[in-house]
Each structure stands twice: as structure tokens, then as C-alpha cells.
Protein chains: 2
Amino acid sequence: MEEAVWKATDVKEKVCEWRSPEQLKDLLDLELREGGEAHPQILQRCRDAIRYSVKTGHPRFFNQLYAGMDPYSLVGRFITEAINPSLYTYEVAPVFLLTEEAVLQKMIEIIGWQEGGDGIFSPGGSVSNMYAVNVARYHHCPDVKVLGLSALPRLVMFTSQECHYSVAKAAAFLGIGTNNVYVIPSDKRGKMIPAEFEKQVQRAKDEGALPFMVNATAGTTVLGAFDPLEEIADICERHNLWMHVDVTNSVAWNPHKMLMAGLQCCAFMVRDKTNLLQRCHSAQASYLFQQDKFYDVSYDTGDKSIQCSRKPDAFKFWLMWKAIGTKGLEERVERALAMARYLAEEIKKRDGFRLVMEPEYTNVCFWYIPPSLRDMADGPEFWRNVHVAPVVKERMMKKGSMMVGYQPHGDKANFFRQIIISPQVSREDMDFLLDQIHSLGMDL
Amino acid sequence: MEEAVWKATDVKEKVCEWRSPEQLKDLLDLELREGGEAHPQILQRCRDAIRYSVKTGHPRFFNQLYAGMDPYSLVGRFITEAINPSLYTYEVAPVFLLTEEAVLQKMIEIIGWQEGGDGIFSPGGSVSNMYAVNVARYHHCPDVKVLGLSALPRLVMFTSQECHYSVAKAAAFLGIGTNNVYVIPSDKRGKMIPAEFEKQVQRAKDEGALPFMVNATAGTTVLGAFDPLEEIADICERHNLWMHVDVTNSVAWNPHKMLMAGLQCCAFMVRDKTNLLQRCHSAQASYLFQQDKFYDVSYDTGDKSIQCSRKPDAFKFWLMWKAIGTKGLEERVERALAMARYLAEEIKKRDGFRLVMEPEYTNVCFWYIPPSLRDMADGPEFWRNVHVAPVVKERMMKKGSMMVGYQPHGDKANFFRQIIISPQVSREDMDFLLDQIHSLGMDL
Ligand SMILES: Cc1ncc(COP(=O)(O)O)c(C=O)c1O
Ligand SMILES: Cc1ncc(COP(=O)(O)O)c(C=O)c1O
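Residues numbered from 1 in each chain as written. Chains lettered and ligands numbered in written order. Predicted model: local features only at pLDDT ≥ 70, side-chain atom pairs only at ≥ 80, totals over all residues. Heavy atoms only, no water.

Describing the overall build of chain A
Next, step 1: Assigned secondary structure in chain A consists of 15 helices and twelve strands.
Next, step 2: Computed over its C-alpha atoms, the radius of gyration of chain A comes to 24 Å, within 12% of the 22 Å expected for a compact globule of 444 residues.
Next, step 3: By principal-axis analysis of the C-alpha atoms, chain A measures approximately 70 × 65 × 45 Å.
Next, step 4: In chain A, the share of contacts with a sequence separation of at least 24, taken over all contacts with a separation of at least 6, comes to 70%.
Next, step 5: About 15,700 Å² of surface is accessible on chain A, with carbon and sulfur atoms providing 51% of the total.
Next, step 6: A distance of 3 Å separates the average location of the 51 positive side-chain charges in chain A from that of its 57 negative side-chain charges. (Helix = DSSP H or I, 4+ residues; strand = E, 2+ residues; numbered from the N terminus. Rg over C-alpha atoms; globule rule 2.2 N^0.38 Å. Contact = heavy atoms within 4.5 Å. Areas by Shrake-Rupley, 256 points an atom, 1.4 Å probe, with all protein chains shown as cover. Lys, Arg positive; Asp, Glu negative; His and termini not counted. Charge placed at Lys NZ, Arg CZ, Asp CG, Glu CD.)

Spelled out as C-alpha cells, the structure:
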């Protein structure tokens, strides 16, 4: 606890204690042997594992779309790990099925589906997006479950060029094929262009294919952009398409990211009252979902899932929600957004930093321009030289002072993508981030 | 800890404190409100959650294919929950990616693939089976990733009638269609009949379909039967089919079951040295899997997965394995098998108990015949009356004395399925099980 909780979240400690794969392999002594090891040795292994792990709860871990440590969620996780339940049926996981249901109901209420809906927790946003594709095609052609895709016309789905890669993974995994994901151009801010979307729907129809769904993104992975949901919804209505993510047909909502519920915690929700999830995914295993039980078996929600064993991912979220209330969750989001705005303003003020665009969400994307480049004219030559992020990142990791991601994007040179999530993050941490990048990269 | 670890595994305590869904909803006060709650109240919620949960680590929890509590694995889970890593890339999860690799290598060695192999941990056996279907079809037709199933002939896969329902879920989810899962009859012991398998392969070919894989089961869900792997492998070789589960092409191995690593902990492994997992599942997201990093990016194994965020499920298994050694794991399995044999012998000795068949694994399937039926002749009338399991189960749950599953199977009336996994289980617990069923059902 001392090492993994207190020190791991202490701003005075390192974010990571970098070792190369080769060094770390030696340090950890990974080999699994015939005989076991004594307790003091096992304890040392635990200490080493903690020491060389990246501290994702550290105030200066900005590398991913999640960060921070919520004490309530952590306690919830300790409880569920000790209890080790699996959400098959009410009889084996009564508390965790009911808390899942309560959380889903509340999330559906917040989404604003007045007539209600249904949902299930899944191992992540990627899997939730797979659910969306499966439910959407089942909604269009229920025969797909039994007959498979080979009995159907070619199905086509749509997403923007800024979407998460899980959409491509879903298309590949579910047999749709990545070629049948028609990619819609986004505008400069990263938002899907509705007119382009409608054009592509028409193209699919002209080709004799069956367009069946669109994936809209509310907060894209890199730029944090919001697709224009209302306009996309109108087009969906005109062409009878399933809309995922928005307020129309289904939503993937990942409390393990912005809301700090801890990995994994993701809900997939459908606006539906016809038991669609169950019809689409059920296999009716008689050894698990007996119908002659002595309680109301509609509480045995396991068959809505594509999984069999399933972790109680909603419980920790429920406990955290109980502890800080809806208001507490709201305040966290507001605070993160305010911090992102503060950082953007600081970037504009400082020499050598340049925003990729005004942030719309908690992603702040920016370039660092070392002094040696500052006088160069803005042109191809300049941009070829702005590739300093990989070197700054390497120095940062080896120092262990903080972690922030970077990537190229379209025709744009490598830029930093700063994500602000944890409420433990302060303005000083934002200042530190910029100072640190400058001190690590000023000689480049 | 007191409640969730010590009391939850104490044989003198109840396995469950049964409440109906309606009662439990009241007790837990599930509603999520605007405001948060004070610490003492949250602590009470934690206590309630533990109190009304089923204690899956209790020596008398036999209801599922997992049970028991391993202290090393539990400590491993506490560490990973505190650290909250996600296995995208080496840079964010160095310790957990390396321990995953070490565990996979050792598992592959144990499977016996001398030339090596590849693997990935997934959120469960069901998802591992989906991986198998996807990899098998990609192996046959790499175009499927891009073009989808609509560009291919109808694909057909095979499995036995005793297989787990995740195979049907996989076929539905991946667009194969459940009708294209040809179900092979099993013999009386629950093993796939090889001659029937070959007949079905021929049938698929005659229909002009493309047979591509078979799912063989080593330890079926209900009866614990082992399909004849060698004979199935010979047929696969003759017809160029991918074989999953066995030692031929791929294996789904769930340490969260028999090996008590805690939920979720499942590996999917392929006998392959061509980077098949990566080619089949990759999406090459540039914001995550940058190629210009300062370390060997082949350690960034995240793109082999269909997930993006991914829990460090291998670590707890690694720590437990370190602590008790391969020998310790073996002893546990041996002990569980010995206990199953003991129980089977006891059942044969006792009046009113009847084995469904000799156990081959840790599943012991048996009927309880209450005294009122013992003089009835064995016939349709008798079997119609043997449906006592649901009532015995109801009484058992309400008493909280133990938990064991039941189900009908083919034309067989409801029988109990006792699974023995936890090394904390003793012969006394086996005797208790039979005494308890008798005392709960003798008046029926
Ligand atoms: C927009 C978006 N959708 C989906 C995902 C995938 O979520 P997960 O990592 O939980 O699979 C991500 C991950 O970053 C994302 O940014
Ligand atoms: C033979 C078999 N395969 C696969 C599974 C599914 O594994 P999981 O529950 O981890 O999804 C089970 C579950 O009981 C099983 O018995």
C-alpha cells in the first residue's frame, strides 16, 4: 500500500523508473521454475513489480486517456478482487448484478433516453464498439445470427477518419471487412463532415451494398473533437442507419477513462425496450441459465453478454458514485476542462510552444519548437525539423519526471497530446509540463 | 480484509447470505444521487456488499468452474489494481508486458510446441474462442480482414454437441452464423465421435461450403469429457482444417478456472512463428504504436489484441506461479482430481445417490434420489420424478450452507454437477456435500 498507493501518487516521486526490456528482464528474474519461492523473495518481487511499473495514478502521468487514482474505486476493486465474482447469474453475483443494473439505469437517464434502454458492461471501449456493430447489423437483418454474413448483401458501415482504431478492429473481427468501413473525411478540427457522410451512404447504395450503421465519436482519441451528432442523426433517419455513440441508438461510455473508475469499466448501452441485447447475443446455456430457478430469472443478465465469465466492473464505479455523488463527478469533469483551457492559454503565451488547435475537450495538442528552429520560416523545411517529440519523450522517460504521448497526425509533424483527467492535477503541474519539455528539448 | 478474505474463506461461515432481488435492492439502497455520502456510510456499503455477496473462495462453493482463493494471486491483483496499468505498450506497462510474455512462453512450453508459438491474454475463454475462429479463418483466407465474409464462400466450422456455448456466441458475433457451426454428436461419455466429424466435413464440402476449423474440447463444461484429440487432429490434417484447443494449431487456456488465478485470466495461444496474431488483429494506430520510439517496439504487443485498454491479467498468475512453482500447481490439480475420485466412490457407496458417469476430470455429475422414489422402477415415470435438484438448490441457497450447480442434459433429468478446484477443499467437505443434499431433499 505504501509503495503502490501513497508513493505512486506522490508528485515528489518519479512517474516511472525506466529500464530497457533487457535490463528489466534481468531485474525481475521472470523465469517460472519447478519449485516455489519463499515469502521474503515473493515480497521482494512485489516491491520490484511496483518499483518498475509506470505510476498511472501519478499527477504527472498524462500519457493515456486515463489517469489518476480514485480511493473509492480502488477500495471497490479490492473488495471485488477478494470476492472474485463472475457476473453470470443473480445467484452467484447478486450484489454485483444489482449494482450494474443501478449504474446502467443512471447512465441511461443521463444520456437522456426517457423511454429507457438496456446495457451491459464489457471489457473495454473496443469491445463495446464491437457490440454496436453486432447489434446494428442484427437490428437490420436478424438472420445474420443464424445464417452468417455469407447469406447477406455486402454490409457497409461509416466512421470518420478521426475515429478510434477499434472500429477497424471490429469490422475485421466481425467479418464485415475493413474495406467495408467507409471513412468520412473530417474538417480541420477533427469533426466528421455531414455532407461527405451522406455522399458515402449514397455511394454504398449505388454499389448495391447495404449501409447499416455509422459510428460517431464524441471526443476523438487524438484531437478530442466531437462529431456533429445532430446532423449525423438526421442523415441516419433519412437513410435508416443505426447510429452508435450518440443519443440515437447506442452508446459506448467508458468510465475507466474520464471518470477514473479504474481499468476496466465500460458500458455499452442501447436505446431499446425489446430485449435486443438478449436476442442478439444469447446462447441459452442450460447449465447456467436454468429456467426452473426459484427466483425471477430476468435478473440473470449474463446471456446478454458475448462473454461467459465476466468481471464486476460496475461495482467500483457505483461505490465511487455513491461516495462523491453526481455532483462530484461533474466537478471533476469541469475541473479537467478548466485545466485544459488553462494549459492552452499558457501555451499561447509562451515562446516555443504552438497549439495544433484550440482544445474542445481535455486533449491539448501542441508542438514544442526548440530555440534553434524559432527563426526558421514556416514551410516544409521547418516542419521536417519539428520532429523533436521522440527525443524529448526518451529523455523524459529516462528521467521519469512525467509522461505525455505524442504522434504525427495526417500531414502534421509529431506533436504532444496532453490529456488532463485526474483531479489531483494542478496548475503547477501544467506549468511544470511546459517547463520540463523546454528544459528537455532546448538543445535540439 | 477481515470480512472479504478471512471470513469469506472460513468453512464455519455461510457461502451466501441469500436475499431475493427485491429484498437486496432495499438493503443496498442502490440509487445514485446528486450528493455524495460520508465515509461511515460508504464503509457500511462496503460491508453490505461483502455480506450479501456469494463467497466464491469458500470451501463449499462448488457452483462454477472456478473456486477457492489463492493468496499470492490475490496480492498480485491488489498490486495491479493499485497500479492500474493498461497493456498497450512497453512504455506504459513494462513489468506487466514482460510478465505476460514470460507466462505465455512457459505455457507454450508446457503445451509442448517445441518450435515455439505466440499468444495473448484475453478477458475470458469465450473471447479466446473468438480469437480462435478469427485466426483460423484469417489463416485460410487472409482477405477476410479487408474484404469481409461477403466476398468469401460460406465458411463452416465444427464442434461437438458438448462444447461450451461460447462457440455459438463466437459464430454469431464474428458473422459466421450459428447455422454454419456443424454440431458433431458425442458418445455417451461426452466425447466427440471422430467418424461423425469426418462425415460432416464431407457434407460441408459436398454443399460447396468451405470447412475451416474444428473446436475440440479438453474438459467439457458439464461432463468434464475430453474429445479424442489425436483422432481429430488426423482428420484435420486430411482435410486441411485449423484445430483449436488441442496441441495442433491453437489453444484457449483459462488459469482463472482450474488454476485459481482469479477472474479474469485467460490465454489464447497459437502455434505460429509468422506473427499471425499481429497480422490478423493489428490496426497500427499511430498515436499508440509509434514506430519511432527509442526502444525495441516489438515489445509493444498491444496490437495483437482485439482490445485497446487491457488489464494485466497475467501478472497475478506469474506471481502465484513464482510462489508455488510448477510443482505446486501440479499438486493442486492432482489433489482436485483425487478429491473428485473420492467423491465418486462415496456416491457409489451411498443409498440414494447415482453417478451420471465415471468422472474423467473434476466434474462429478450425479443424481440424488429421495427415499420416496427409491423403490420405483427405473423408467420414464421414475425420471420424471427425479427433478428434485431445483428444490434442493433453493433450500441450500436460503440456508447458505453450500453452492453446487445442476442442469438437465440431453434426455437426462436435472442432476448436480460438482466441481472440485480449491485445494482448501477436504474429504470432510465431500462428505458434507452428500449429507447436506440428503438432509435437504429427503422429504421430497
Ligand atoms: C474514441 C475512443 N473510442 C474507443 C476507445 C477504446 O477504448 P478501450 O481502450 O477501452 O478499448 C478509445 C481508446 O482510447 C477511444 O479514444
Ligand atoms: C469448455 C469451456 N470453454 C470455454 C468457457 C468460457 O470461458 P469464460 O467463462 O472464461 O468465458 C467455459 C466456461 O465455463 C468452458 O467450460
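The structure having been displayed, the exposition proceeds.
A short note on the sheet that holds strand 10 (residues 363-368) of chain A
Residues and elements named next belong to chain A.
Next, step 1: The sheet built from five strands is open, its strands ordered 1-11-12-10-9 with mixed pairing. Each edge of the open sheet carries a strand with a single partner, namely strand 1 (61-62) and strand 9 (353-355).
Next, step 2: Bridge count between strand 11 (residues 403-409) and strand 12 (residues 412-419): four bridges; the pairing is antiparallel. When the sheet's bridge partners are listed, Gln 407 is paired in strand 12 with Phe 415.
Next, step 3: Its contacts with the sheet put helix 14 (residues 389-399) on strand 11 and strand 12, and the angle it makes with strand 11 is roughly 165°.
Next, step 4: Where helix 15 (residues 427-441) meets the sheet, it contacts strand 1, strand 9, strand 10, strand 11 and strand 12, and its direction lies at approximately 25° from that of strand 10. (Pairing = 2+ DSSP bridges. Axes fitted to C-alpha atoms, helices over the stretch in contact; angles between N-to-C directions.)

Notes on the confidence of the model for chain A
Next, step 1: Scored by pLDDT, chain A has a mean of 91; 100% of the residues are at 70 or more.
Next, step 2: As a predicted assembly, this complex carries a pTM of 0.88 together with an ipTM value of 0.86. (pLDDT = per-residue confidence, 0-100.)

What to know about the interface of chain B and chain A
Next, step 1: On the chain A side, the residues contacting the 140 residues of chain B number 140 residues.
Next, step 2: Together, the buried faces of chain B and chain A total about 11,900 Å²; carbon and sulfur atoms form 62% of this surface.
Next, step 3: When the area that chain B buries against chain A is broken down by residue, the three leading residues are Leu32(B), Phe173(B) and Phe294(B), summing to 8%.
Next, step 4: In this assembly, chain B and chain A are joined by twelve salt bridges.
Next, step 5: A salt bridge links Glu101(A) to Lys25(B), with the shortest nitrogen-to-oxygen separation between them at 3.7 Å.
Next, step 6: Scanning the region where chain B abuts chain A turns up 76 residue pairs in polar contact (both at pLDDT 80 or more).
Next, step 7: Among the elements that take part in the side of chain B that touches chain A, helix 12 (residues 313-349) of chain B stands out by supplying twelve residues, more than any other.
Next, step 8: Its residues assigned to classes, the side of chain B that touches chain A comprises 70 nonpolar, 38 polar and 32 charged. (Buried area = accessible area lost by both parts, 1.4 Å probe. Salt bridge = Lys/Arg side-chain N within 4 Å of Asp/Glu carboxyl O. Polar contact = N/O pair within 3.5 Å; in protein donor to acceptor, adjacent residues only side chain to side chain. Nonpolar A, V, L, I, M, F, W, Y, C, P; charged D, E, K, R; others polar.)

What to know about the packing of aromatic side chains
Next, step 1: This model, assessed by the stated rule, comprises 47 aromatic pairs over all chains.
Next, step 2: Residues Phe96(B) and Phe315(B) carry aromatic rings whose centres are separated by 5.1 Å and whose planes lie at 85° to one another, so their mutual orientation is edge-to-face. With Phe96(B) in helix 5 (residues 94-111) and Phe315(B) in helix 12, this residue pair connects regions lying 219 residues apart in the sequence. Comparing Phe96(B) with Phe315(B), the two get one shared label, buried.
Next, step 3: When the ring centre of Phe432(A) is taken as reference, the NZ or CZ atom of Arg60(A) above it lies at 3.5 Å.
Next, step 4: Across the ring face of Tyr182(B), the terminal group of Arg203(B) is positioned such that the distance to the ring centre comes to 4.0 Å. (Phe/Tyr/Trp six-rings, centres within 6.5 Å; stacked < 30°, edge-to-face > 60°. Buried < 20%, exposed > 50% of the residue type's maximum accessible area, 1.4 Å probe, protein only. Lys NZ or Arg CZ within 6 Å of the ring centre and 35° of its normal.)

Describing the site of ligand 1
Next, step 1: With respect to spatial proximity, 16 residues lie near ligand 1, and among them Gly125(A), Ser126(A), Thr221(A), Lys257(A) and Ser309(B) are the closest.
Next, step 2: At a separation of 3.4 Å, an oxygen atom of ligand 1 approaches a polar side-chain atom of Asn254(A).
Next, step 3: Ser309(B) places a polar side-chain atom, nitrogen or oxygen, 2.5 Å from an oxygen atom of ligand 1.
Next, step 4: Burial of ligand 1 by the protein chains amounts to 90% of its free accessible area of 390 Å².
Next, step 5: At three residues, the largest contribution of residues to the shell around ligand 1 is made by helix 6 (residues 125-140) of chain A. (Near = heavy atom within 4 Å.)

Considering the site of ligand 2
Next, step 1: In the vicinity of ligand 2 there are 17 residues, among which Ser309(A), Gly125(B), Ser126(B), Thr221(B) and Lys257(B) approach most closely.
Next, step 2: Neighbouring residues of ligand 2 are not confined to a single chain but are spread across chains A and B.
Next, step 3: Ser309(A) has a polar side-chain atom sitting 2.5 Å from an oxygen atom of ligand 2.
Next, step 4: Taking Lys257(B), its side chain carries an N or O atom lying 2.7 Å from an oxygen atom of ligand 2.
Next, step 5: When residues in the shell around ligand 2 are grouped by element, the largest group, three residues, is from helix 6 (residues 125-140) of chain B.

So, the pattern of salt bridges
Next, step 1: One pass over the full model with this rule turns up 74 salt bridges over all chains.
Next, step 2: Here Glu196(B) makes a salt bridge to Lys199(B), at a shortest N to O gap of 3.3 Å. Of this pair, Glu196(B) and Lys199(B) both sit in helix 9 (residues 194-206), three residues apart, roughly one helical turn.
Next, step 3: Using a relative accessible area of 23% as the deciding quantity, one classes Glu196(B) as partly exposed.
Next, step 4: For Lys199(B), a relative accessible area of 52% gives the class exposed.
Next, step 5: Between Glu198(B) and Arg238(B) there is a salt bridge, with its nearest N and O atoms 2.8 Å apart. Of the two residues, Glu198(B) is situated in helix 9 and Arg238(B) in helix 10 (residues 229-239); the sequence distance between them amounts to 40 residues.
Next, step 6: Judged by its relative accessible area of 24%, Glu198(B) is partly exposed.
Next, step 7: You can call Arg238(B) exposed: its relative accessible area is 55%.
Next, step 8: A network of salt bridges, in which partner residues are shared, links Asp29(A), Arg33(A), Glu37(A), Arg45(A) and Lys322(B).

A word on the relation of the copies chain B and chain A
Next, step 1: Each copy superposes on the other: chain B lies on chain A with an RMSD of 0.0 Å after a rotation of 180° and an axial shift of 0.0 Å. Expressed as an axis order, the relation between the two copies is that of a two-fold axis. Rotation axis and chain B: the residue whose C-alpha lies nearest the axis is Leu174(B), separated from it by 1.9 Å.
Next, step 2: Most of the interface of chain B is mirrored in chain A, where 100% of its interface residues again form contacts. (Least-squares fit on C-alpha atoms with pLDDT ≥ 70 in both.)

Description of the pairing of strand 5 (residues 210-215) of chain A
Residues and elements named next belong to chain A.
Next, step 1: Across the six residues of strand 5, five count as buried, placing the element largely inside the fold.
Next, step 2: In the sheet, strand 3 (residues 155-160) pairs with strand 5 via five bridges, with the strands oriented parallel. Considered in strand 5, the bridge of Phe 158 is made with Val 214.

So, the side chain of Arg137(A)
Next, step 1: With respect to the secondary-structure elements, Arg137(A) resides in helix 6.
Next, step 2: No salt bridge is formed by the buried Arg137(A); its nearest oppositely charged neighbour, Asp143(A), is found at 12 Å.
Next, step 3: A polar atom in the side chain of Arg137(A) sits 3.1 Å from the side chain of Asn134(A).
Next, step 4: What Arg137(A) contacts, discounting residues up to four positions off in sequence, is Val144(A), Leu149(A), Leu155(A), Leu174(A), Ile176(A), Phe212(A), Ala172(B), Phe173(B), Leu174(B) and Gly175(B).

Let's talk about the environment of Glu360(B)
Residues and elements named next belong to chain B.
Next, step 1: Tracing the backbone shows Glu 360 in the loop between strand 9 (353-355) and strand 10 (363-368).
Next, step 2: Given a relative accessible area of 31%, Glu 360 falls into the partly exposed group.
Next, step 3: With 20 residues separating them in the primary sequence, Glu 360 and Ala 340 have C-alpha atoms 9.0 Å apart.
Next, step 4: In this structure, Glu 360 is in contact with Arg 189, Lys 191, Gly 224, Ala 225 and Phe 226, ignoring residues within four places of it in sequence.
Next, step 5: Side-chain polar atoms of Glu 360 contact the side chain of Lys 191, separated by 2.6 Å.

Structural notes on the sheet that holds strand 12 (residues 412-419) of chain B
Residue and element names in this part refer to chain B.
Next, step 1: In spatial order, the strands read 1-11-12-10-9; together these five strands make up an open sheet with mixed pairing. Because the sheet does not close on itself, it has two edges, and the strands there are strand 1 (61-62) and strand 9.
Next, step 2: Where strand 10 meets strand 12, four bridges bridge the pair, whose relative direction is antiparallel. By the bridge assignment for strand 12, Val 364 is matched with Gln 418.
Next, step 3: Helix-sheet contacts for helix 12 involve strand 9, strand 10 and strand 12, and the interaxial angle to strand 9 is about 130°.
Next, step 4: The strands touched by helix 14 (residues 389-399) within the sheet are strand 11 (403-409) and strand 12, with strand 11 carrying the most contacts at an inclination of about 165°.

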